[in-house]
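# Report on the structure
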Amino acid sequence: MDSDFQRIKLGKELMMRVIEEVLKRNGEALYLVARAPEFFRKIGFDTIDRDEAPEFFECATCPQRDVTCHPEVMKLSMV
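My aim in this report is to walk through the structure given alongside it, one point at a time.

Parameters and conventions
- Residues numbered from 1 in each chain as written.
- Predicted model: local features only at pLDDT ≥ 70, side-chain atom pairs only at ≥ 80, totals over all residues.
- Heavy atoms only, no water.
- Helix = DSSP H or I, 4+ residues; strand = E, 2+ residues; numbered from the N terminus.
- Buried < 20%, exposed > 50% of the residue type's maximum accessible area, 1.4 Å probe, protein only.
- Phe/Tyr/Trp six-rings, centres within 6.5 Å; stacked < 30°, edge-to-face > 60°.
- Expected span 1.5 Å × (residues − 1).
- Arc of directions from axis to C-beta.
- Contact = heavy atoms within 4.5 Å.

## Comments concerning the environment of R35
Structurally, R35 is set in the loop between β1 (29-34) and α3 (37-43). With relative accessibility at 74%, the residue R35 sits in the exposed group. Separated by 35 residues in the primary sequence, R35 and H70 place their C-alpha atoms 7.0 Å from one another.

## Structural notes on the packing of aromatic side chains
Going through the model one piece at a time under the given rule, you end up with two aromatic pairs. Measuring from ring centre to ring centre gives 4.9 Å for F39 and F40, while their planes differ by 85 degrees; the resulting arrangement is edge-to-face. On the basis of relative accessibility, which here comes to 32%, the residue F39 falls in the partly exposed class. Relative to F45, the ring of F40 lies with its centre 5.6 Å away and its plane at 80 degrees, an arrangement referred to as edge-to-face. Of the two residues, F40 and F45, both sit in the buried class. Counting every residue linked through ring pairs, the aromatic cluster contains F39, F40 and F45.

## Regarding helix α2 (residues 10-24)
In a regular helix each residue adds 1.5 Å, so 15 residues correspond to 21 Å; α2 covers 21 Å between its end C-alpha atoms and thus fits that length. Inspection of α2 places M15, I19 and V22 among the buried residues, and these make up the whole buried set. Projected onto a plane normal to the axis of α2, the buried residues spread over an arc of 60 degrees and lie on a single side. α2 presents R17, E20 and K24 as exposed residues on the side facing more than 90 degrees away from its buried surface. On its buried face, α2 sits against β1, α3 and β3 (72-77). Phi turns positive one or two residues past the end of α2, at N26, with a value near 60 degrees.

Next comes the structure, spelled out in structure tokens:
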């Protein structure tokens, strides 16, 4: 099933719609926590230090962080 979504590039299409919405609302940046950072790098996101991101995610208190899950905090600048 996942390969079907990858083949039709559904993830990229959804991300492009999110970016369009952020731009329409005059957003300056988009932040996310990525378990698949290479996908987001292809779109233009950069990995940043967790301290550079707003306090917006639950990873900081998750017991699996840095145990079985190693997410990257990423940013896409809109300006």
